[in-house]
Amino acid sequence: MSETKTETAAEREAALGGIGCDKRRKEDARFIRGQGNYIDDIKLPNMVFGDFVRSPYAHARIKSIDAEKAKAVPGVIAVLTAADLKPLNLHWMPTLAGDTQAVLADEKVHFQNQEVAFVIAEDRYAAADGIQLVDVDYEELPVLIDPKKALEDGAPILREDVKDKDEVGQGPRRHPNHIFNWQSGDKDATDKAFAGAQVTVKEEIFYQRVHPAPIETCGCVASMDAVSGRLTLYGTFQAPHVVRTIVSLIAGLPESKIRVISPDVGGGFGNKVGAYPGYVCAIVGSIVLGRPVKWIESRIDNISTTAFARDYHMTGELAADKDGKITGLRANVLADHGAFNTHAQPMKWPAGFFNIVTGSYDVPTAHVTVDGVYTNKAPGGVSYRCSFRVTEAAYLIERMLDVLAQKIGVDKAEIRLRNFIKPEQFPYNSCLGWEYDSGDYPAALKQAMKAVGYEDLRKEQAEKRARGELMGIGIATFTEIVGAGPSRNCDILGIKMFESCEIRVHPTGSATARLGTKSTGQGHETTYAQIIATEIGIPSDLITVEEGDTDTAPYGLGTYGSRTTPVGAAAAARAGRKIREKAKKIAAHMLEVSENDLEWDVDRFTVKGVPDLSATMKDIAMAAYSNLPEGLEHGLEVVDYYDPPNMTYPFGAYICVVDVNRHTGEISVRSFYALDDCGTRINPMIIEGQVHGGLTEAFGIAMGQEIVYDDMGNVLGASFLDYFMPTAVETPHWETDHTVTPSPHHPLGAKGVGESPNVGGVPAFSNAVVDAFAHLGVTHMPMPHAAWRVWQTCHELGIDK
Amino acid sequence: MIPASFEYHRPGSVDEVVSLLAELGEEGRVLAGGHSLIPMMKLRLAEPAHLIDLTGVEGLRGIAEVEGAIHIGAMTTQAEIIKSDALAERCPILREAAELIADPQVRALGTIGGNAANGDPGNDIPAVMMAVDAAYVLRGSDGERTVAARDFYQGPFETALAVGEFLTAIRIPAPPAGQGQAYCKLKRKVGDYAIAATAVTLAVDGGVCGQAAVALTNVGITPLYAEAASTALVGTAVDAAAVEAAVEAAVAITDPAADLRGPVEYRRHAAGVMTRRAIETALARAKGG
Ligand SMILES: Cc1cc2nc3c(=O)[nH]c(=O)nc-3n(C[C@H](O)[C@H](O)[C@H](O)COP(=O)(O)OP(=O)(O)OC[C@H]3O[C@@H](n4cnc5c(N)ncnc54)[C@H](O)[C@@H]3O)c2cc1C
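Remember, it's a predicted structure, so these values are computed and weren't measured experimentally.

Definitions and cut-offs
- Residues numbered from 1 in each chain as written.
- Chains lettered and ligands numbered in written order.
- Predicted model: local features only at pLDDT ≥ 70, side-chain atom pairs only at ≥ 80, totals over all residues.
- Heavy atoms only, no water.
- Helix = DSSP H or I, 4+ residues; strand = E, 2+ residues; numbered from the N terminus.
- Rg over C-alpha atoms; globule rule 2.2 N^0.38 Å.
- Buried < 20%, exposed > 50% of the residue type's maximum accessible area, 1.4 Å probe, protein only.
- Contact = heavy atoms within 4.5 Å.
- Areas by Shrake-Rupley, 256 points an atom, 1.4 Å probe, with all protein chains shown as cover.
- Lys, Arg positive; Asp, Glu negative; His and termini not counted.
- Charge placed at Lys NZ, Arg CZ, Asp CG, Glu CD.
- Pairing = 2+ DSSP bridges.
- Axes fitted to C-alpha atoms, helices over the stretch in contact; angles between N-to-C directions.
- Domains from an automatic or database assignment.
- Buried area = accessible area lost by both parts, 1.4 Å probe.
- Salt bridge = Lys/Arg side-chain N within 4 Å of Asp/Glu carboxyl O.
- Polar contact = N/O pair within 3.5 Å; in protein donor to acceptor, adjacent residues only side chain to side chain.
- Nonpolar A, V, L, I, M, F, W, Y, C, P; charged D, E, K, R; others polar.
- Phe/Tyr/Trp six-rings, centres within 6.5 Å; stacked < 30°, edge-to-face > 60°.
- Lys NZ or Arg CZ within 6 Å of the ring centre and 35° of its normal.
- Core = buried A, V, L, I, M, F, W, Y, C linked by side-chain atoms within 4.5 Å.
- Patch = residues over 30% accessible without salt bridge, like charges linked within 9 Å, V, L, I, M, F, W, Y side chains within 5 Å.
- Parallel < 35°, antiparallel > 145°, perpendicular 65-115°, else oblique.
- Left-handed = near helix turned anticlockwise from the far one by under 90°.

J.: Tell me about the overall build of chain A, residues and numbers included.
T.: Of the regular secondary structure elements, chain A holds 20 helices and 35 strands. In terms of overall dimensions, chain A is globule-like: its C-alpha atoms have a radius of gyration of 28 Å, near the 28 Å expected for 801 residues. In terms of overall dimensions, chain A has C-alpha extents of about 80 × 75 × 50 Å along its principal axes. Taking all 801 residues of chain A together, the buried fraction comes to 64%. In chain A, of all internal contacts separated by at least 6 residues, the share reaching a separation of at least 24 is 80%. Accessible surface, chain A: about 27600 Å² in total, of which carbon and sulfur atoms supply 51%. Once the 79 positive and 106 negative side-chain charges of chain A are each reduced to a mean point, those two points are 1 Å apart.

J.: Describe the side chain of Asp-771 of chain A, and please don't skip the residues or the numbers.
T.: Relative to the assigned elements, Asp-771 of chain A resides in helix H19 (residues 756–772). Among all residues touching Asp-771 of chain A, those that are not within four sequence positions of it are Lys-412, Arg-458, Gln-461, Arg-465, Met-471, Gly-472 and Ile-473 of chain A.

J.: Lay out the sheet that holds strand S1 (residues 48–54) of chain A with the relevant residues and their values.
T.: All names here are of chain A. Read from one edge of the open sheet, seven strands run S3-S7-S1-S14-S11-S12-S13, paired in mixed fashion. Only two strands of the sheet have a single neighbouring strand rather than two, namely strand S3 (76–80) and strand S13 (258–261). This sheet shows a mean twist of 20° between the axes of neighbouring strands, independent of strand direction. In the packing of helix H8 (residues 240–251) onto the sheet, contacts are made with strand S12 (230–235) and S13, and the angle to S13 comes to roughly 145°. Each of S1, S3, strand S7 (115–121), strand S11 (219–225), S12 and strand S14 (293–296) touches helix H9 (residues 277–289); the most contacted strand, S11, lies at about 25° to it.

J.: An account of the domain arrangement of chain B is needed here, citing residue identities and associated values.
T.: All names here are of chain B. On domain assignment, one finds that chain B holds domain 1 (7–53), domain 2 (63–173) and domain 3 (179–286). One C-alpha centre belongs to domain 1, the other to domain 2, and the line joining them spans 18 Å. The interface is formed by 13 residues belonging to domain 1 together with 16 residues belonging to domain 2. Buried surface at the junction of domain 1 and domain 2, both sides included, amounts to about 1100 Å², of which 76% is carbon and sulfur. Where domain 1 meets domain 2, there are one salt bridge. A salt bridge links Asp-15 to Arg-139; the shortest N-O distance between them is 3.0 Å. Seen at the junction of domain 1 and domain 2, the total is two residue pairs in polar contact (both at pLDDT 80 or more). Per element, the largest residue contribution to the side of domain 1 that touches domain 2 is five residues, and it comes from helix H1 (residues 14–24). Across the side of domain 1 that touches domain 2, the residue classes tally to seven nonpolar, four polar and two charged.

J.: Please provide a residue-by-residue account of the packing of aromatic side chains, values included.
T.: Residue and element names in this part refer to chain A. In this structure the tally under the stated criterion is 37 aromatic pairs over all chains. For the ring pair Trp-349 and Trp-434, a centre distance of 5.1 Å and an interplane angle of 25° mean the geometry is stacked. Taken together, the residues Trp-349 in the loop between strand S16 (326–338) and strand S17 (366–374) and Trp-434 in the loop between strand S19 (428–429) and strand S20 (435–436) connect sequence positions 85 residues apart. There is no split in this pair, since Trp-349 and Trp-434 are both buried. The ring centre of Phe-308 lies 3.4 Å from the NZ or CZ of Arg-209, which sits over that ring. In this arrangement the basic side chain of Arg-563 is found over the ring face of Tyr-560, its NZ or CZ atom lying 5.5 Å from the centre.

J.: Can you explain the interface of chain A and chain B? Please cite residues and give values.
T.: Often the size quoted for an interface is simply the accessible area lost on bringing the parts together. With 27 residues of chain A at the contact, the number on the chain B side is 23 residues. For the pairing of chain A and chain B, the buried interface totals around 2000 Å² over both sides, and the portion due to carbon and sulfur atoms is 63%. At the junction of chain A with chain B, the criterion picks out two salt bridges. Asp-722 of chain A is the partner of Arg-188 of chain B in a salt bridge, and the nearest nitrogen-oxygen pair spans 2.8 Å. The tally of links between chain A and chain B comes to 10 residue pairs in polar contact (both at pLDDT 80 or more). Sorting the residues of the side of chain A that touches chain B by element identifies helix H5 (124–133) and helix H20 (787–796) of chain A as the ones contributing at least two each.

J.: Which residues make up the nonpolar core, and what are the values?
T.: Residue and element names in this part refer to chain A. Within the largest apolar cluster, 184 residues are counted, with the highest numbers of intra-cluster contacts made by Phe-353, Phe-354, Val-370, Phe-765 and Phe-773. Sort the elements by how many residues they give to this core and helix H11 (residues 390–408) lands first, with 11 residues. Ignoring anything within four residues of it in the chain, the contact list for Val-370 reads Phe-180, Asn-181, Trp-182, Tyr-312, Val-333, Ala-335, Ala-351 and Phe-354. Ranked by size, the runner-up nonpolar core spans 45 residues in total, among them Cys-501, Ala-529, Ala-615 and Met-617.

J.: Please give an account of a nonpolar patch on the surface that cites residues and values.
T.: A cluster of nonpolar side chains, Met-1, Leu-43 and Leu-45 of chain B, forms an exposed patch at the surface whose accessible area comes to about 320 Å². Tracing the backbone shows Leu-45 of chain B in the loop between helix H2 (37–42) and strand S3 (50–53).

J.: Tell me about the packing of H11 of chain A against H19 of chain A, and please be specific about residues and values.
T.: Residues and elements named next belong to chain A. Between H11 and H19, the shortest axis-to-axis distance is 8 Å and the interhelical angle comes to 30°. In terms of their interaxial angle, H11 and H19 are classed as roughly parallel. For the pair H11 and H19, the crossing hand works out as right-handed. For the pair H11 and H19, the contacting residues are Val-390, Thr-391, Ala-394, Tyr-395, Glu-398, Arg-399, Asp-402 and Gln-406 in the first and Asn-758, Val-759, Val-762, Pro-763, Ser-766, Asn-767 and Val-770 in the second. Class assignment for the residues of the contact of H11 with H19 results in seven nonpolar, five polar and three charged.

This is the structure in structure tokens:
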């Protein structure tokens, strides 16, 4: 029992591979060998394939559907239409935002590529041939692409199914194409602040419609076992447990008869949170045919139909005194939600956490209005690698700060330093109702300025401007709000947004942990194991982490909104602590001392003052199954459900430097420095990887990504030929840095980081581009900053020759 | 994203290709590297009933010098074009342009002949072939004929190839001594077709331009040979005024479509910028030896 200490505590600590070390990712061994198990790798006996007939029109009445020719194609088994789903009441399905969404178009199509019929065949080839032969007779209707026009009197009514309803789930409506109005803040006080302001600025800022575009598209395999009555649904789900609940509600099957499995998932970024018609049709197909049905999205389907992000038409206003100290903020948003309100947010939040729009700044009063609007575009409105609508908010405030700085003629770093919430103000209550947990914004910005040589860059910029060259410096000092969320204000379908972790320590000293979250590439198998290793003193290599199987994992709300570390990791840490509590009782029994005489020492309990007398976790694990004190149950196994007391508020200071070619409008990113503060750092290497990935996405968004529609509602460029997915060639070099301001309420002090770089990166790029033109009087330029758009600015200024 | 069904043929000789093409007529389509044709088939924008794969046909691959002219087999891949030092020495614009096509994976299969014969104004090779005044060697049941690259392109995906004919080789006359060449391409990202691109060859002797050819990619319904721009340079010292005149003449013949690469005015402007850049680069190279 007692063991001679051969290793020092530091050596034992290192052997654990716990919190704080750059552990290589466990999952990479299979990913880089091509041995991951993704949805399209799943092949079940007797499996068939389904795919959609999609609408070529953005708005049209369906006069008839004739599937006879398609059914005659060898290999085609069935063609489902809304008429077939109607008797099952599955032709429409509820959305997470309180609206309903057509599974298969019922009488009308509302956006191009909408699902009209589902062709099931022995293989994909026959399905594709069948799709081509389904005859749909459409009568075209007037198309609404511009959300402003959608709200005009006499505009064509898009959603006839809800035209007379006062509510479609998220607040009052004032027009048949209006979805909701949502407000936050004090309107009167804000009006007063503006009326008495020494300086005001106003800017129209559009955050274009983009798509998370994960490398793996969405898909599923539904397999109904007619004998047992059990449905197994494999799919690309970021929230498998929620999917099980939704399937249960929609299909009327008890949850005990449904098993949802998310295998390896190739990126989600919000795209894989919601429920899609493909899932429903595959399930119905499998129930009807008694065979497994696979549905896999093509790239074009993915970009043009499942879950876009952003599409916020924003108007920002700041009131300030003559020194640039902000006295009030207004934000008005027209939110284009497309044909159905399927945005995925905690249900009480129709505009997500957009009221984090006061950012890192001490704004005394503010008022925010968001109006959701239907248009003839694909539905969605998910959080693409950001917490709910936070990236839109951060973009608005970070842009507006630059606009204000230009107006009063102060430096863009200085305007931030003048307005930051001060370190001593934390915990800080924002005027829009959030309690910021911790932060030190001035320290972060000053560290960033020093690292990039900010003063010198400004000098160089001035010299270049004198020579007619364009160079821009963009700063973003953003605050995220992540970790949805506290049960008092965060739920999905009434289910509170807790997270869960179950740990089983096995007799010979290893452990299995299961969680309700789901990695889509973030390395959960590695980081959770590190956390648990530190908490229970078993090496992370001996801890197997499992997620994504609803039959085995405890209920959780899934991974999105950077909630895994703030919520899931807290559950993991607390479960570990519960293990340790029981282990302590066992150790006391083993060492024949009182619990009070024991202290935790990396991987063992030691008798206070007698360092040689200790029981290692390995020995305790065996004792849990073999040598227990009276009154204790066998085993060493716990589960923890964690309800976070508050959100966490990671922040950062990013500085981007660009050069602009005034002849072609091309932008070259000369340098990008990203300082992130995500509190306690669990695996610095993984954090860095997350930052690299998020910055690359931010670069894509700021410089080229946009889902474009023409006036007819045709979606343009829904492939990687046009949709700007940066490659290694275009991607700038990233320089990363950090400060550490732990969260006071999180068991580990950790805050979450995966999404910060997307949230902070976009305004840093955009601010840099606009800054290049600031001396010419330019205050805003529309994103994305594709070369042609930048050239248009040069051309208007007459500097492109 | 799945092509319609088709018959697949894999002939071994040029004669077999000719007789298959004669037999199948409009229904037959030759397949080279497949990197333009197969994407179109996956979108079912092309549904050929018969594919005649040229991969196994003898004698269609390789780069050689024949009677002073450079002879490139149609099935020579874009990667092989880049790899050939001899070619880069004799006619460097080919490597320069090929390196700007797509990405290494595409270039490993995509062929020079497929790029030339495809008829998409976005392809890079046609303008280059116009600038070097190449001739395309076509084979059909009536035998062989050659068509100048400058006369080959008639409309989007419409070329001088008659039904029953295919391209076996490209012949490039030996570039004159003192010629500089350049291909300048503006694109959104690696693997993208040009926003605008320009190929230029020009020779200077004693400070005077004796030969010039300017051709443009993706700014019209076909690749464009800019004859007026070419003549605007000949006989001049390629000074600022001459360059300006050539750029203006080149831009004047452009008629690009607005697409996600930018509106019409931008793409025309970009054609001007690329033309200026290509002329200046070619000139510097001509002077540099
Ligand atoms: C991602 C991607 C990016 C690309 N980017 C570029 C780019 O930047 N620039 C560029 O120029 N191209 C680009 N391409 C196209 C690529 O270069 C193709 O390889 C080329 O256009 C066609 O050559 P191929 O050998 O692949 O021909 P295929 O695709 O096999 O054939 C193309 C067409 O030419 C016909 N054809 C082929 N060979 C012959 C012949 N010998 N005689 C008569 N007809 C023939 C075929 O019947 C077909 O109609 C890109 C392609 C992809 C997939």
